Amino acid sequence: MALILAVDDESSGLYFRKLILEHAGHTVLSSTGVEEALSLFHANPVDLVVTDHLLGRQTGNDMAQEMKRTKPGVPIILLSGTSTIPESLVHADAFLSKTEGPEQLLETVDQLLSSRAHSDNQLPDRAEQTPLRELLAAIVEDSEDAILSKTLDGTILTWNKAAERMYGYRAEEVIGKNVIMLAPDRPDEIREILQRLREGKKIQHFETNRRTKEGQTIFVSLTISPVREANNGEIIAASTIARDITQTKMAEDALRNSERLAVAGRMAATIAHEINNPLETVTNVLYLLSRNARLDEAARQHLKIADEELRRIAQITRSTLGLYRERDTTPGPVSLSEMIDNLLMFYQRQVQSLGVKVEKQFDSAGKVIGVSGELRQVIANIMANAIDALGVTGTKLKLHIYESTDWRNLGRRGIRLVVADDGPGMSAQTQANLFHPFYTTKGQKGTGLGLWVSQGIITKHGGSIHVRSRTDSRHGTCFSIFLPTNN
Ligand SMILES: Nc1ncnc2c1ncn2[C@@H]1O[C@H](COP(=O)(O)OP(=O)(O)OP(=O)(O)O)[C@@H](O)[C@H]1O
Ligand SMILES: [Mg+2]
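Residues numbered from 1 in each chain as written. Chains lettered and ligands numbered in written order. Predicted model: local features only at pLDDT ≥ 70, side-chain atom pairs only at ≥ 80, totals over all residues. Heavy atoms only, no water.

As a further point, take the coordination of the magnesium ion (ligand 2). Coordination of the magnesium ion (ligand 2) by the protein comes from N381 (OD1) and N385 (OD1), over a distance range of 2.2 to 2.3 Å. Highlighted residues: N381 and N385, both in helix α12 (residues 372-390), separated by 4 residues, approximately one helical turn. (Donors = N, O, S within 2.8 Å, 3.2 Å for Na, K, Ca; no water. Helix = DSSP H or I, 4+ residues; strand = E, 2+ residues; numbered from the N terminus.)

Structure, rendered in structure tokens:
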């Protein structure tokens, strides 16, 4: 009978599945985590894997991909609590809903094991007929990871297909050149790596960045090993296996940023809340004082100034609290066009008194899924900023909504909202600091939190915000916000 690896993050489900498989005569290794499952998989001659689809933060499909990379012949069954097959199940051989019962599981196990035995019998002939050297070359060439080799002074000797895809250079463009071309701004790092290789040391999972042919920076994880001459063990070259981890890195950074934002937000809200209590007392005391008939004119003036300053503190705490209040955080359908119409009513008085002409162009209703209170805050701030700018100079406020794609990833569809004004524009310094907390050019009138918070909210919604601004004769500012509608 077979050696089966069973994986599930829920230990009770795993326990009973193991019993059923053992009852059918199989030997079962079990694991509740992806890491452990992978090491069991690599260390044992596993014949088949049965795994749950959702494993904590990872998916069974991701784990299956990794397993298929090293032992593609081992069949994998994915189990799921839902009965519809998730689209992404490309690495499994079978999908079973957990509701289908043990008989179905055992039947699928038997089917897969027998078709494996069948294909195993055929496999060795073809592989055995191929000379080992050619087989190894084919493995390297078709690897999903970039594999290159180089001399000990860094001259590139070989370059596989994945390296072409990752770095953008074809083999003939790099062979014979120095690896420094992949890291032009990191000569010391390359020198150190080569030195370690000469000393016979291996470098494992070293995370760094590299430059592609198009000049893009990508994050990579490198494993670099010295290659020794078969006869005398002398180090003659080095091999590098590089994996592109840009996507993972970006996802990690985004998560870290949004966590940091949430912590900072909660802290700010707590402080604002704590300030409000003494603030109310002081405001009340000042009010009573100002009612005192015995005060002379100078004292009255001082009280007036104190009162104005207190109002300013109150305004800051109010907006800070408002910005972070954790109310209605459940996402739902939001119409950006309706939201803008609403906000325009709110700003109507200011718009009219400044003589601003509002141009609306709604080519789409702008329906997205999001937290309405948060998105409203973003749009309100961007509109308020534009109106503030138009208070200095300019007369036009343009609001455009249309269906669009993400500039960074053209496969992602969504809604773009553009808010443009022909106000004074922003200096280079302002543009550089725009999204930093407490950066404001409005002195007493601004808190400088608007765009910082907006950016956090947009990132949380999977979107992005860009700005273009100029201060020359064609002055003005244009904010463009993208919110995805598919993921
Ligand atoms: N449309 C715009 N035109 C010119 N400058 C702008 C525009 N939008 C933003 N800015 C500049 O960016 C700065 C930061 O904006 P942000 O919304 O973060 O803070 P704020 O408006 O100053 O204060 P708050 O929104 O917290 O009340 C502003 O002080 C202003 O200098
Ligand atoms: Mg603002």
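In the vicinity of ligand 1 there are 21 residues, among which T440, T441, K442, T447 and L451 approach most closely. Residue N381 places a side-chain N or O atom 2.9 Å away from an oxygen atom belonging to ligand 1. A distance of 2.4 Å is found between an oxygen atom of ligand 1 and a side-chain nitrogen or oxygen belonging to T441. Calculation on ligand 1 without its partners gives an accessible area of 590 Å², and the protein chains cover 90% of this total. For the shell around ligand 1, the secondary structure elements donating two or more residues are α12, α14 (450-460) and β19 (476-484). If you tally residues by element for the shell around ligand 1, the top one is α12, at 4 residues. (Near = heavy atom within 4 Å. Polar contact = N/O pair within 3.5 Å; in protein donor to acceptor, adjacent residues only side chain to side chain. Areas by Shrake-Rupley, 256 points an atom, 1.4 Å probe, with all protein chains shown as cover.)

The next point concerns the packing of aromatic side chains. In the structure shown here, the tally under the stated rule is 2 aromatic pairs. Ring geometry for Y15 and F16: centres 5.2 Å apart, planes at 75 degrees, overall edge-to-face. On the basis of an interplanar angle of 35 degrees and a centroid distance of 5.4 Å, the ring pair of W159 and Y167 is categorised as tilted. Neither residue differs from the other here; W159 and Y167 are each classed as buried. (Phe/Tyr/Trp six-rings, centres within 6.5 Å; stacked < 30°, edge-to-face > 60°. Buried < 20%, exposed > 50% of the residue type's maximum accessible area, 1.4 Å probe, protein only.)

For the rest of this paragraph, the subject is the nonpolar core. With 39 residues, the main nonpolar core has L336, Y347, I379, I382, L397, F479 and I481 as its most contacted residues. Within the residue set of this core, elements represented by two or more residues are α11 (336-354), α12, β16 (396-406), β17 (409-421), α14 and β19. A per-element tally of this core places α12 first, with 10 residues. Of all hydrophobic cores here, the second largest spans 26 residues; its members include A171, L182, I190 and I224. (Core = buried A, V, L, I, M, F, W, Y, C linked by side-chain atoms within 4.5 Å.)

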